[in-house]
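# Coordinate analysis (summary)
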Amino acid sequence: MIELFSGLDAWVLVSLILALTFVLAFEFINGFHDTANAVATVIYTKAMPPQLAVFASGVFNFLGVLLGGVGVAYAIVHLLPVELLINVNTGHGLAMVFSLLAAAIAWNLGTWYFGIPASSSHTLIGSILGVGLANALINDIPLGDGVNWQKAIDIGMSLVLSPMAGFLVAALVLLGLKWWRPLSKMHKTPEQRRMLDDKKHPPFWNRLVLVMSAMGVSFVHGSNDGQKGIGLIMLVLIGIVPQQFVLDLNSTTYQIERTRDATLHLSQFYERNHETLGEFLALGKAAKGDLPEQFSCNPHQTEPTIAALQQSLEGVADYRALSAETRVEVRRYLLCLDDTAKKVGKLPGLQAREKSDLEKLRKDLTATTEYAPFWVILAVALALGLGTMVGWKRVVLTIGEKIGKQGMTYAQGMSAQITAACAIGMANIFSLPVSTTHVLSSGVAGTMVANKSGLQGGTVRTILLAWVLTLPASMGLAAGLFWISTRFVG
């Protein structure tokens, strides 16, 4: 790892260290900001002592990051338009990263301080969108091109629909438990359990389910939210020291061959579908090798881009053999070909089988660009895991007692946690970022309605207000900070 940063100018090295510190600070804050959501029910129901619950949650968050992959990480990265990702220079890269992180950290700390279960995911995504839009305004780019809107819509839908699903499914699970065991002790609150049964802890099986589901929520939270930190660190590294991180320098010869073969098969795919795609891609009209000096991801330049990429990778068995400039160019070509293929996949006229083939080619194209070094994953896992072990008290009371008009029963806690673990786990499979906060607190609210406990209007209004304000507030903060910081970097 150390050799990757050797030879850097002093100010670049200091900037890099600061940027990485900011990202890890965000993940640490994310840990203690969101921990309460993962362990609130297990602490409130006294299924586990608080210190043990928080420690175990930290361990499972750590494991979730280590084993979670990078699909969600690059879903976050690709919120920014491909032009910004391939053309960012060191100064603007620093401005971009510091602006979005400062905005996200400020909002996270504010909502944590007031004990409001706001979403770190919404905060981060809002900050990224704010930077993308500000960059468009500063550089006279149409706002429609300032952000990858299709990716933003996909992520927005997952963020909106997941709490609704959490509310409904948790309510249905609770109703199922009440139908199955209407007289069970799992339908008591911890206070009723203490008063009526003179017992401090839940019944054994309920306690076991509460503990296991809490750890499940912690694991999937680590996997989903940890990947957001991984994506941010990769943005930092690619923006500040691109020569070392634009491509995975540990790629095997076989992986490089797969990338090279993917470009060949992509060219054959376009030739095979010339009738459908010829006009969109200007097939046969652009001279091969004729790329403009100001390179941009124009679908009309697809053929020259494929030719240039094949030439750059010809005979290459190790990315380290390429010059720093060639590595940057190869990444640009790969990202542009992937971006164009994504647009082609949405065009009418292509058969379902052809679209499926194109998706497979896209995965091979980006296999050596969408990666994260192990030390990055480990650093994020440690930051999130350690952050998980502090700061949990402020939100536990909100989740346990202030959403409903009555305290939470054991069955409600199990229903909300099982629903949250399953919903976030499904989102991880489809590489979609979701909010642990929103899913779990919505699940608790759903069980309160199903239990006819009623909801506390004041708390629900405060949570909803935080949900509504988080996106525009973080967008505005990040955009403002980015505009100010670009004044200093020219």
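Residues numbered from 1 in each chain as written. Predicted model: local features only at pLDDT ≥ 70, side-chain atom pairs only at ≥ 80, totals over all residues. Heavy atoms only, no water.

Turning to the overall build of the protein, a few remarks are in order. Summing up its helical and strand segments, the protein has 20 helices and zero strands in all. Sequence separation of 24 or more characterises 82% of the internal contacts of the protein that already satisfy a separation of 6 or more. Accessible surface for the protein amounts to roughly 21000 Å². Of this, 63% is attributable to carbon and sulfur atoms. (Helix = DSSP H or I, 4+ residues; strand = E, 2+ residues; numbered from the N terminus. Contact = heavy atoms within 4.5 Å. Areas by Shrake-Rupley, 256 points an atom, 1.4 Å probe, with all protein chains shown as cover.)

Taking 1.5 Å per residue, 19 residues should reach 27 Å; helix H6 (residues 120-138) reaches 27 Å between its end C-alpha atoms and fits that length. With respect to burial, H6 is a largely interior element, 17 of its 19 residues being buried. Just downstream of H6, Asp140 is the residue with a positive phi angle, here 55°. (Expected span 1.5 Å × (residues − 1). Buried < 20%, exposed > 50% of the residue type's maximum accessible area, 1.4 Å probe, protein only.)

Right, let's get into the environment of Leu322. On the secondary structure map, Leu322 appears in the loop between helix H13 (302-313) and helix H14 (324-344). Beyond its immediate sequence surroundings of up to four residues, Leu322 is in contact with Ser312, Val316, Arg327 and Val330.

Another aspect to go through is the confidence of the model for the protein. Residues of the protein with pLDDT of at least 70 account for 88%, and the chain-wide mean is 84. Averaged pLDDT values for the elements of the protein fall to 54 in helix H17 (residues 393-402) and rise to 93 in helix H11 (residues 253-272). (pLDDT = per-residue confidence, 0-100.)

A positive phi angle, near 60°, is found at Lys46, a position not held by glycine. Among the structural elements, Lys46 can be located in the loop between helix H1 (10-44) and helix H2 (50-67). If you check the backbone angles, Ala282 has positive phi at about 55° while not being a glycine.

Looking now at the packing of helix H7 (residues 149-180) against helix H18 (residues 410-429). Two elements in contact, H7 and H18, have axes whose closest approach is 8 Å; the angle formed by their N-to-C orientations is 135°. Here H7 is positioned oblique relative to H18, judged by the angle of their axes. The two elements H7 and H18 cross, and the hand of that crossing is right-handed. Two secondary-structure elements touch here, H7 through Gly166, Val169, Ala170, Val173, Leu174 and Leu177 and H18 through Ala411, Gln412, Met414, Ser415, Ala416 and Thr419. Broken down by class, the residue content of the contact of H7 with H18 amounts to eight nonpolar, four polar and no charged. (Axes fitted to C-alpha atoms, helices over the stretch in contact; angles between N-to-C directions. Parallel < 35°, antiparallel > 145°, perpendicular 65-115°, else oblique. Left-handed = near helix turned anticlockwise from the far one by under 90°. Nonpolar A, V, L, I, M, F, W, Y, C, P; charged D, E, K, R; others polar.)

One finds Met96, Ile230, Leu237 and Tyr270 to be the most contacted residues of the largest nonpolar core, which totals 92 residues. Top element by residues in this core is helix H5 (residues 90-113). It accounts for 10 residues. Listed in part, the 30 residues of the second largest apolar core include Val54, Ala171, Val217 and Val439. (Core = buried A, V, L, I, M, F, W, Y, C linked by side-chain atoms within 4.5 Å.)

Our focus in this paragraph is helix H9 (residues 204-240). Quick reminder: α-helices carry 3.6 residues per turn. Residues three or four places apart thus point the same way. With 37 residues, H9 extends 53 Å from end C-alpha to end C-alpha; this agrees with the ideal 54 Å at 1.5 Å per step. With 28 of its 37 residues buried, H9 lies for the most part within the structure.

All right, on to a nonpolar patch on the surface then. Nonpolar side chains collect at one region of the surface, where Phe28, Leu52, Phe55, Val59, Phe60, Leu63, Leu67, Leu382, Leu386, Met389 and Val390 lie side by side and expose about 920 Å² of accessible area between them. Residue contributions to the nonpolar patch peak at six residues, all from H2. You can see Val59 is positioned in helix H2. Judged by its relative accessible area of 31%, Val59 falls in the partly exposed class. (Patch = residues over 30% accessible without salt bridge, like charges linked within 9 Å, V, L, I, M, F, W, Y side chains within 5 Å. Salt bridge = Lys/Arg side-chain N within 4 Å of Asp/Glu carboxyl O.)

For the rest of this paragraph, the subject is the layout of surface pockets. Counted as a void, the largest pocket has a volume near 1400 Å³. In terms of lining, the largest pocket is formed by 44 residues, of which the most central are His78, Asn148, Lys151, Asp339 and Lys342. Elements represented by at least two residues in the lining of the largest pocket include exactly helix H3 (71-77), helix H4 (82-87), H6, H7, H14 and helix H15 (352-366). Of the residues forming the lining of the largest pocket, the biggest block, five residues, is contributed by H15. Along the lines of polarity and charge, the residues of the lining of the largest pocket split into 15 nonpolar, 15 polar and 14 charged. Taken domain by domain, the makeup of the lining of the largest pocket includes at least three residues from each of domain 1 (9-245 + 372-488) and domain 2 (253-366). (1 Å grid on protein atoms, 1.4 Å probe; cavity = no way out; pocket = protein on both sides within 12 Å on 5 of 7 lines; lining within 4 Å. Points joined across faces, edges and corners; volume = space filled by probe spheres on them. Domains from an automatic or database assignment.)

Moving on, we come to the pattern of salt bridges. For the structure shown, the criterion picks out 10 salt bridges. Among the salt bridges present, the one from Arg362 reaches Asp338, with a minimum N-O distance of 2.6 Å. With Arg362 in helix H15 and Asp338 in helix H14, this pair connects stretches of sequence that are 24 residues apart. For Arg362, a relative accessible area of 16% gives the class buried. Taken together, the salt bridges that share partners define one network made up of Lys188, Arg193 and Asp197.

Take the packing of aromatic side chains next. Under the definition given, this model contains three aromatic pairs. Between Phe22 and Phe98, the aromatic rings sit 5.0 Å apart at their centres with planes inclined by 85°, giving edge-to-face as the arrangement. In this pair, Phe22 is assigned in helix H1 and Phe98 in helix H5, connecting sequence segments 76 residues apart. Judged by its relative accessible area of 30%, Phe22 is partly exposed. A relative accessible area of 22% places Phe98 in the partly exposed class. Between Phe204 and Trp205, the aromatic rings sit 5.1 Å apart at their centres with planes inclined by 75°, giving edge-to-face as the arrangement. (Phe/Tyr/Trp six-rings, centres within 6.5 Å; stacked < 30°, edge-to-face > 60°.)

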